[in-house]
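This is what each chain is made of:
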Amino acid sequence: MSSENLPQSPESTQQPRKPRVAVVFGGRSSEHGISVVTAGAVLRAIDRTKYDVLPIGITTDGRWALTADEPERMAIADRKVPSVAELAESAEGAVVLPVDPNSREVVYTEPGAVPKALGEVDVVFPVLHGPYGEDGTLQGLLELSGVPYVGSGVLASAVGQDKDYMKRVFTSFGLPVGPYLVVRPREWEQDEQGARKRIAAFAGEHGWPLFIKPARAGSSFGITKVDSFEGLDEAIEEARRHDPKFLVESLLRGREIECGVLEFEDGPRASVPAEIPPVTDHAFYDFEAKYIDSADGIVPAPIGAEATAEVRRLAVEAFEAASCEGLVRADFFLQENGEFVINEINTMPGFTPISMYPRMWEATGVDYAELVERLIEAALRRSTGLR
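The residue numbering used here restarts from 1 in each chain and proceeds along that chain's sequence as written. Totals for whole chains, interfaces and linings use all residues, but because this is a predicted model, local features are given only for residues with pLDDT of at least 70 and pairs of side-chain atoms are given and counted only at 80 or more. Water and hydrogen atoms were dropped before computing side-chain values, which therefore reflect all heavy atoms in the structure.

Further remarks concern the sheet that holds strand 5 (residues 105-109). Two modes of strand pairing occur in sheets, parallel and antiparallel, and in both the strands are linked by backbone hydrogen bonds. Should DSSP find at least two bridges between two strands, the strands are regarded as paired. Starting at the N terminus, helices and strands are each numbered in turn, a helix being any DSSP run of H or I of at least four residues and a strand any DSSP run of E of at least two. As summarised here, the arrangement of the three strands in space is 4-5-6, forming an open sheet in which the pairing is antiparallel. Whereas interior strands pair on both sides, the edge strands pair on one side only; in this sheet they are strand 4 (94-96) and strand 6 (116-120). For this sheet, the mean inter-axis angle between neighbouring strands, taken without regard to orientation, is 25°. When strand 5 meets strand 6, the two strands line up antiparallel, connected through four bridges. Each residue of the ladder has a partner; that of Glu105, found in strand 6, is Glu120. Each axis is a line fitted through C-alpha atoms, taken for helices only over the stretch in contact, and angles between the N-to-C directions span 0 to 180 degrees.

This is the structure we're talking about:
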């Protein structure tokens with residue numbers, strides 16, 4: 001790639017420098033493609049009169065690639081999600097963020113070429129989902145680099161990604177969670193028979209069906225609904241394909257209710273909730289239903305004023321319990337007895353304009369562009385390090 005096609009360092013101009021936002025997307029998880037789609041929406045929404053933008057894609061093998069600022073190429077087409085490899089300016093060039101809190105200078109390198117300075121980054125907007133992005137790993141790198149970023153810090157990101165510890169945190173704060181058990185890698189590898197006995201006892205106590213799910217994957221990847229012992233082996237294998245630690249959960253009968261939390265200047269606030277109606281063409285609300293077939297969530301959820309106030313309260317409590325920042329989508333089941341059970345939180349939820357999180361906030365009075373603006377402003381208000 002020739003140097004004239006590279007983004008020019010703002011420091012090389014005489015005009016006052018606008019804050020620079022690096023939108024980081026893609027990543028090594030199974031949610032790579034939807035992250036690219038999300039990045040396209042965020043890039044379209046950022047106010048270019050206020051911010052300079054630097055799109056950085058992470059390939060599935062972990063290379064940080066410079067990509068063109070072309071949101072129109074980052075969309076689902078013919079039921080196929082895009083990839084960073086398709087958008088990268090070079091098959092070998094790499095973007096480097098120095099791990100030095102005294103310098104936010106981003107550098108671009110290509111084999112056999114002199115490294116090119118791309119200027120400083122003032123804030124990172126990571127739209128990565130799943131492991132190696134949403135789970136605290138990227139957040140740790142940015143903390144070491146001293147670069148502010150959108151969303152939760154290392155601890156909250158890790159807790160939000162690991163359903164095992166997420167449920168432990170919620171339980172310790174008195175939030176209601178459903179019955180579950182965890183099978184850890186060492187237990188499965190050293191005492192598979194014992195693990196199976198625990199699962200059988202759990203099924204005997206709570207009944208079928210059960211959900212077998214990876215502990216640290218998102219967007220319903222690797223989750224299987226199992227109606228009997230006959231399908232258990234295949235379900236466990238599928239879950240362990242995504243994560244060697246897996247959960248077994250009982251079926252919670254009730255309505256699926258979601259609620260968004262957003263950080264304002266005076267603290268977190270909850271959106272109006274949404275309801276996810278039963279999905280007829282899928283066993284449950286999986287990746288295809290969310291992003292390809294676009295299951296129609298009902299916003300606002302028709303659950304009455306009292307239940308709406310309660311789920312909004314619980315969503316903020318979950319946000320605070322996990323020490324979250326920026327944004328969270330909290331997912332609940334509204335049981336027949338009128339009580340809520342929290343299923344999980346997402347610290348970087350689906351964020352395309354048709355995703356439930358932006359739709360809930362639009363119904364609350366915050367449109368997509370304002371949502372992006374508020375997240376950037378919140379990140380710029382925070383420092384890195386202990387806070």
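Here we take up helix 5 (residues 163-172). Residue exposure (1.4 Å probe, protein chains only): buried if accessible area is under 20% of the type maximum, exposed if over 50%, otherwise partly exposed. Three or more residues of helix 5 are buried, namely Lys163, Asp164, Met166, Lys167, Val169 and Phe170. We call two residues contacting when some pair of their heavy atoms lies within 4.5 Å. Close packing links the buried residues of helix 5 with helix 4 (154-161), strand 8 (180-183), strand 9 (210-214), strand 11 (246-250), helix 10 (305-321) and strand 16 (340-346). We define a polar contact as two N or O atoms separated by no more than 3.5 Å, with the added condition that, inside protein, one atom must be a possible hydrogen donor and the other a possible acceptor, whereas residues neighbouring each other in sequence contribute only through side-chain atom pairs. Backbone nitrogen of Asp164 and a side-chain oxygen of the N-cap are separated by 3.0 Å at the start of helix 5; the cap is Asp162. Two residues or fewer past helix 5, Gly174 is found with a positive phi of approximately 80°.

Residues belong to a common nonpolar core when they are buried Ala, Val, Leu, Ile, Met, Phe, Trp, Tyr or Cys residues joined through side-chain atoms within 4.5 Å. Residues Val23, Phe25, Val42, Ile46, Phe125, Phe351 and Val372 are the most contacted members of the largest nonpolar core, which totals 35 residues. Elements supplying a minimum of two residues to this core: strand 1 (20-26), helix 1 (32-45), helix 2 (84-87), strand 7 (123-126), strand 12 (254-264), helix 11 (356-364) and helix 12 (368-381).

What follows deals with the side chain of Asn346. For Asn346, the location among the structural elements is in strand 16. For Asn346, a relative accessible area of 11% translates into the label buried. At 3.3 Å, the side chain of Asn346 and the side chain of Glu344 are in polar contact. Every residue in contact with Asn346, bar those within four places of it in the chain, is listed here: Glu134, Leu327, Val328, Arg329 and Asp331.

Where helix 1 contacts helix 12, the axes come no closer than 9 Å and their chain directions differ by 90°. The angle between helix 1 and helix 12 falls in the class roughly perpendicular. Here helix 1 contributes Thr38, Ala41, Val42 and Ala45 to the contact with helix 12, which in turn contributes Tyr368, Ala369 and Val372. Working definition: roughly parallel below 35 degrees, roughly antiparallel above 145 degrees, roughly perpendicular at 65 to 115 degrees, and oblique for all remaining angles.

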